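Descriptive analysis of the structure
For reference, the chains in residue letters:
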Amino acid sequence: MNAELEKVSLPLSRDNLVNLARGELKLVDLFLAGLRELGIYERSLIFIMADHGHSQGAIGLRLPPDLQPAGSQAGSPLIRVMGSGIPLLLVKRAGDAGELRVSDAPASQVDVSATVSAELGLGLKGAGVPLFQIRPGQPRERHFYHYSWEHRDWMNLYLPDLVEYRVQGHAWLASSWQATGKVLKPGR
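Let me sum up the structure you'll find in this document. (Residues numbered from 1 in each chain as written. Predicted model: local features only at pLDDT ≥ 70, side-chain atom pairs only at ≥ 80, totals over all residues. Heavy atoms only, no water.)

As for the overall build of the chain
We apply this condition: Secondary structure is summarised from DSSP: a helix means a run of H or I of at least four residues, a strand means a run of E of at least two, and numbering begins at the N terminus for each. Any residue under 20% of the maximum accessible area for its type is buried, any over 50% is exposed, and the rest in between are partly exposed; the area is computed with a 1.4 Å probe on protein chains only. We call two residues in contact whenever any of their non-hydrogen atoms come within 4.5 Å of each other. Throughout, the Shrake-Rupley method with a 1.4 Å probe supplies accessible areas, and for residues the shown protein chains are the sole cover considered.
Per the secondary structure count, the chain includes 3 helices and 5 strands. Along the chain, helices and strands appear, N-terminal first, in the series α-β-α-β-α-β-β-β. Counting all 188 residues of the chain, 28% fall into the buried class. The contacts in the chain between residues at least 6 apart in sequence include a share of 59% that link residues at least 24 apart. Entry remark: accessible area of the chain is about 12900 Å², with carbon and sulfur atoms responsible for 56%.

Topic: the environment of Gly 83
Mapped onto the elements of the fold, Gly 83 is located in helix 2 (residues 79–84). C-alpha separation for the pair Gly 83 and Gly 53, spaced 30 residues apart in sequence, amounts to 5.6 Å. Excluding residues within four positions of it along the chain, Gly 83 makes contact with Gly 53, His 54 and Ser 55.

Some remarks on the pairing of strand 4 (residues 162–168)
Let me state the cut-off plainly: Strand pairing is defined by DSSP finding a minimum of two bridges between the two strands.
With 6 bridges connecting them, strand 3 (residues 141–146) and strand 4 associate as antiparallel partners. Paired with Glu 141 across the two strands is Gln 168, which belongs to strand 4. Where strand 4 meets strand 5 (residues 177–184), 5 bridges bridge the pair, whose relative direction is antiparallel. The residue of strand 5 that forms the bridge with Arg 166 is Gln 178.

Some thoughts on the nonpolar core
Our working rule: Each nonpolar core is a collection of buried residues, namely Ala, Val, Leu, Ile, Met, Phe, Trp, Tyr and Cys, held together in the definition by side-chain atoms within 4.5 Å.
In terms of nonpolar packing, the biggest core is built from 9 residues, these being Leu 78, Val 81, Met 82, Phe 144, Tyr 165, Val 167, Ala 171, Ala 174 and Trp 177. Those elements giving two or more residues to this core turn out to be helix 2 and strand 4. With near-sequence residues (within four places) excluded, Tyr 165 lies in contact with Leu 78, Val 81, Arg 142, His 143, Phe 144, His 146, Trp 177, Gln 178, Ala 179 and Thr 180. Core analysis: the next-biggest nonpolar cluster, separate from the first, contains 6 residues, Val 28, Leu 32, Tyr 41 and Ile 46 among them.

Here we look at the pattern of salt bridges
Operational definition: Salt bridges are defined by distance alone: a side-chain nitrogen of Lys or Arg within 4 Å of a carboxyl oxygen of Asp or Glu.
Under the criterion given, the structure shown has 4 salt bridges. Arg 93 serves as the salt-bridge partner of Glu 119, at 3.1 Å between the closest nitrogen and oxygen. Here Arg 93 lies in the loop between strand 2 (89–92) and helix 3 (111–120) and Glu 119 lies in helix 3, a separation of 26 residues in the sequence. Glu 141 is the partner of Arg 166 in a salt bridge, and the nearest nitrogen-oxygen pair spans 3.5 Å. One end of the pair, Arg 166, is in strand 4; the other, Glu 141, is in strand 3, with 25 residues separating them in the sequence. By relative accessible area, which is 23% here, Arg 166 ends up partly exposed.

Some remarks on unusual backbone geometry
If you check the backbone angles, Leu 5 has positive phi at about 65° while not being a glycine. Following the sequence through the fold, Leu 5 ends up in the segment before helix 1 (14–37). Since its relative accessible area comes to 32%, Leu 5 is described here as partly exposed.

Purely spatial values, then, with no claim about function.
This is the structure:
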């Protein structure tokens, strides 16, 4: 799909991935407009998230000057892992208004349930931290489990081996990622 929501077949490139993302965000905008039309947007707690990033997401990645690593990140064997481990996560509190803002807070999908509990006053305890309590640059360890997916895997009963990575620091930097040595095997 392209930014105009048309079905297209394009080669894998950063520009084409960005174009696809623009189309996907257009769908999100239509969804949010529907909530506004129903009169429930302002009072709703809303999460929009991907289950994973794209393993080729770092193609042509241009980091902001304050995130430039020493040396080139392009040749890093972690690029596919990192791209897969940086999914979209959007959140809006009930009652919030104004323009959307981008945050570099070290968030994780595990923080969603903690956020729902905190925002709704449920008092449930879990592994995550409420997203609105996490600050950009805050030291925080997150974990990501990567697997190499092949089309033949669609018919398998289990995922391929899951390799655990520890992420400490900005997720766009290869220096923030470290394999822990822990591998989860299928069927165990």
